[in-house]
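Here is what each chain is made of, one letter per residue.
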Amino acid sequence: MDASQQNWLELETPTGRRVRVLTQVHPRAQRLSLTMGVGGPRVSTPRGTHPSQVKAFLRENAPWLERKLRELERAGQRLATPTPGRRESLLWRGERLPVRWEMASLPWVRIEDDAAVIGVQLDRPDARQIVQRVLRAYVATQMKREVARLAREFEPQLGRGIVSTRLLPLKSLWGSLSVRGRMTLDLALMLAPPTALEYVVAHEMCHLWVRNHGPRFWQRVESIYPDYLETRTWLSQRGHAVKAELARWVGTELGT
Amino acid sequence: MYFRNLSLFRFSTTAAKQIDGDLETRLAAHRARPCGPFEMATRGWVSPFGGEQALHHGVGNYTLLTLGGEDKLLPAACVNAVLNEKLAAIAAERGKPPGGRERRRLKEEVLNELMPRALARPHRLAGYLDLDRGWAVIDTASKKPAEALLTELRNTLETFPVFPLDPEESPQALYTSWLSGGELPEGWVLGDECEMRDPQPKGAIVRLSRSDLSGSELQEHLKSGKQVTRLGLVVEDRLSFTLDENLVVRKLRFLEQATEELEATERDSAAAEFAARFALMCLSLTPILAQLEKTFRLSRPKARA
């Protein structure tokens, strides 16, 4: 999407809460629509919509937006982009870890048993962007090792192996497998409980034998990962919160 | 004959067994030939030594192969110019331009007319196989020609499963740590070139060449969270190269110390000189590939029954 067609609007809800909403011109939009996505609230508008129309639409839907925000907060989902130096928490492998900020000239990330430690020069004006960059690189590095371990584990059982892996934030999928055997996985899986990544790797590797999602495919998944149903349900019900958490930390722009 | 760039691939011990005494006959069945009048490109094997000599050259467990062929040069602009002339003539005659189907037919006609007159550009690409350790090393930095060579090899041997590298350790993370003062593999030192990227989509890119990589301007970029995606390295004063995020080796240069032993000895023929250079190259690259394997944890594909 063209960045010039994006704009931020600030909206005041009936209880006086101020919410930032992304407005985006969508070439195929027929009418105004307000959605609560990975990057927070967003309004899609058809081309040529007057800003006053957008504002009126938002005022009209402010109670809905507030209700939705409250629902997400109750479910434990955080929405605001993290600010370096402030009290924060990071979802890592299914556990919410408090973030400990440290002053460091070269940025780094370390996950300890009871905290996520992020070293960054806190007084820099672009500290937030630095944290996004360094965390994205950290998640990818850790995930690469974990995926290699899982692939090694499943390979003898399957008799076939993946050719290579690619890790990046994905919008709606958790993973995919190309015809050449290259596996693409969502970086957000590293934030979910470890079983999520295990299941998705097992799932994609079973596609090396069966390219569809028919009964033969699920039989094969069950043979190497018996608890797949539980994790699959978890991903479909709670997965969006994990994707939102990744977007909160590494930015809302998806893909590379 | 030294390779300038290296695209690396791996193969299993089972695949290595396919390279046997029969190789020369199999290669001969896929010998390169010139383009026919209506062919755009041809591919096949040529002798690494040039001329009509053997189609492969083996030293120990290293086998050198050279893919040859021709590509016809027929720029789209030339085809369109002739086509437009024809279309204009037809439009003037009939009073209306010809329809889509007829245009396609005319384009085919123009291609058939021009192709026999087009110049053919010769193509050559060398690669070697390290059968012991399962490396396929191809002298190019681009993916497409490297894969074309492997496809031809697969056609020649009927089957030859070769895999791209899949490092367990992220190259970007390692390059970034090396440049931030981390420890490099033994005998490796930083070169004079690097590329840094903001890992976010459409992020900033900084390229430095012929620069001191310990300078403060570079540290400033690292402080802003940029990741190193390409890094120049020098190994034991013998070799220098640039490694990228996909572990493609570029700008490979054999430094004086590596080549001076070779220059010192005289050889009778060009073929002997060539063979000596190939042996020196393989022996110099083997420890580098072993180091890459260890540092980035590149596993060799498992043999399958």
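Every value quoted in this text rests on a predicted model; they were computed, and no experiment measured them.

### Thoughts on the overall build of chain A
The number of helices and strands found in chain A is 5 helices and 11 strands. Referenced to the eigenvectors of the C-alpha coordinate spread, the extents of chain A come out at roughly 60 × 50 × 35 Å. Within chain A, the fraction of its 256 residues that count as buried is 49%. Counted over contacts in chain A with a minimum sequence separation of 6, partners at least 24 positions apart contribute 48%. Only carbon and sulfur atoms are counted for the fraction: they give 47% of the accessible area of chain A, which is about 13,400 Å². Measuring between centres, the 40 positive side-chain charges of chain A sit 7 Å from its 26 negative side-chain charges.

### Description of helix α2 (residues 127-158) of chain A
The end-to-end C-alpha distance of α2(A), which contains 32 residues, comes to 45 Å, matching closely the 46 Å that a straight helix rising 1.5 Å per residue would cover. Once α2(A) ends, the next one or two residues include A:G159, with phi positive near 80 degrees.

### Topic: the environment of A:R211
Residues and elements named next belong to chain A. By the element assignment, R211 lies in the loop between α3 (194-206) and α4 (215-224). Along the primary structure R211 and W174 are separated by 37 residues, whereas in three dimensions their C-alpha atoms are 16 Å apart. Here the side chain of R211 touches H207 through a polar contact of 3.4 Å, landing on its backbone oxygen.

### Focus: the state of the cysteines
Here the structure, examined in full by the defined rule, presents 0 disulfides over all chains. B:C78 provides the cysteine sulfur closest to B:C35, a residue in no disulfide bond, and the two sulfurs are 17 Å apart.

### Some details on the packing of aromatic side chains
Summed over the entire model, instances satisfying the criterion amount to 16 aromatic pairs over all chains. Their ring planes at 50 degrees and their centres at 5.9 Å tell us that B:Y175 and B:W178 sit as a pair that is tilted. Note that B:Y175 and B:W178 are positioned in helix α6 (residues 171-179) at a spacing of 3 residues, about one turn of the helix. Pair check on accessibility: B:Y175 and B:W178 agree, each one buried. Consider the rings of B:W188 and B:F241, whose centres lie 5.9 Å apart with planes at 85 degrees: the pair is edge-to-face. You can see B:W188 sitting in strand β8 (residues 188-197) and its partner B:F241 sitting in strand β11 (residues 239-244), a full 53 residues away along the chain. The residues B:W188 and B:F241 share a single accessibility class, namely buried. One aromatic cluster is present, built from ring pairs that chain together B:Y175, B:W178, B:W188, B:F241 and B:F296. Just above the ring of A:W8 sits the side chain of A:R20; from NZ or CZ to the centre is 4.4 Å. Stacked on the ring of A:W218, the Lys or Arg A:R232 has its end atom at 4.4 Å from the ring centre.

### Comments concerning the domain arrangement of chain A
The domain architecture assigned to chain A consists of domain 1 (3-74), domain 2 (89-136) and domain 3 (139-250). Computed from C-alpha coordinates alone, the two centres of domain 1 of chain A and domain 3 of chain A are separated by 33 Å.

### Let's talk about the sheet that holds strand β10 (residues 175-177) of chain A
All names here are of chain A. Taken in spatial order, the 3 strands of this open sheet run β9-β11-β10, and their pairing is mixed. Of all strands in the sheet, those bounded by a partner on one side alone are β9 (164-168) and β10. Here the strands of the sheet are splayed against their neighbours by 15 degrees on average, with no regard to which way each runs. Two elements, β10 and strand β11 (residues 182-186), share 3 bridges in a ladder whose sense is antiparallel. By the bridge assignment for β11, G175 is matched with L185. In this fold α3 packs onto β10 and β11, with an angle of close to 155 degrees to the strand it touches most, β11.

### Focus: unusual backbone geometry
Residue and element names in this part refer to chain B. Positive phi, normally seen in glycine, also occurs at D237, with a value near 60 degrees. Along the chain, D237 falls in the loop between β10 (227-235) and β11. Phi is positive for K251, close to 50 degrees, though the residue is something other than glycine. For K251, the location among the structural elements is in strand β12 (residues 249-254). Judged by relative accessible area, K251 falls into the partly exposed class, the value being 44%.

### Digging into the environment of B:S216
Within the element layout of this structure, B:S216 appears in helix α7 (residues 216-223). Spatially, the C-alpha atoms of B:S216 and B:R10 are 39 Å apart, while their sequence positions differ by 206 residues.

Conventions and cut-offs
Residues numbered from 1 in each chain as written. Chains lettered and ligands numbered in written order. Predicted model: local features only at pLDDT ≥ 70, side-chain atom pairs only at ≥ 80, totals over all residues. Heavy atoms only, no water. Helix = DSSP H or I, 4+ residues; strand = E, 2+ residues; numbered from the N terminus. Buried < 20%, exposed > 50% of the residue type's maximum accessible area, 1.4 Å probe, protein only. Contact = heavy atoms within 4.5 Å. Areas by Shrake-Rupley, 256 points an atom, 1.4 Å probe, with all protein chains shown as cover. Lys, Arg positive; Asp, Glu negative; His and termini not counted. Charge placed at Lys NZ, Arg CZ, Asp CG, Glu CD. Expected span 1.5 Å × (residues − 1). Polar contact = N/O pair within 3.5 Å; in protein donor to acceptor, adjacent residues only side chain to side chain. Disulfide = S-S within 2.5 Å. Phe/Tyr/Trp six-rings, centres within 6.5 Å; stacked < 30°, edge-to-face > 60°. Lys NZ or Arg CZ within 6 Å of the ring centre and 35° of its normal. Domains from an automatic or database assignment. Pairing = 2+ DSSP bridges. Axes fitted to C-alpha atoms, helices over the stretch in contact; angles between N-to-C directions.

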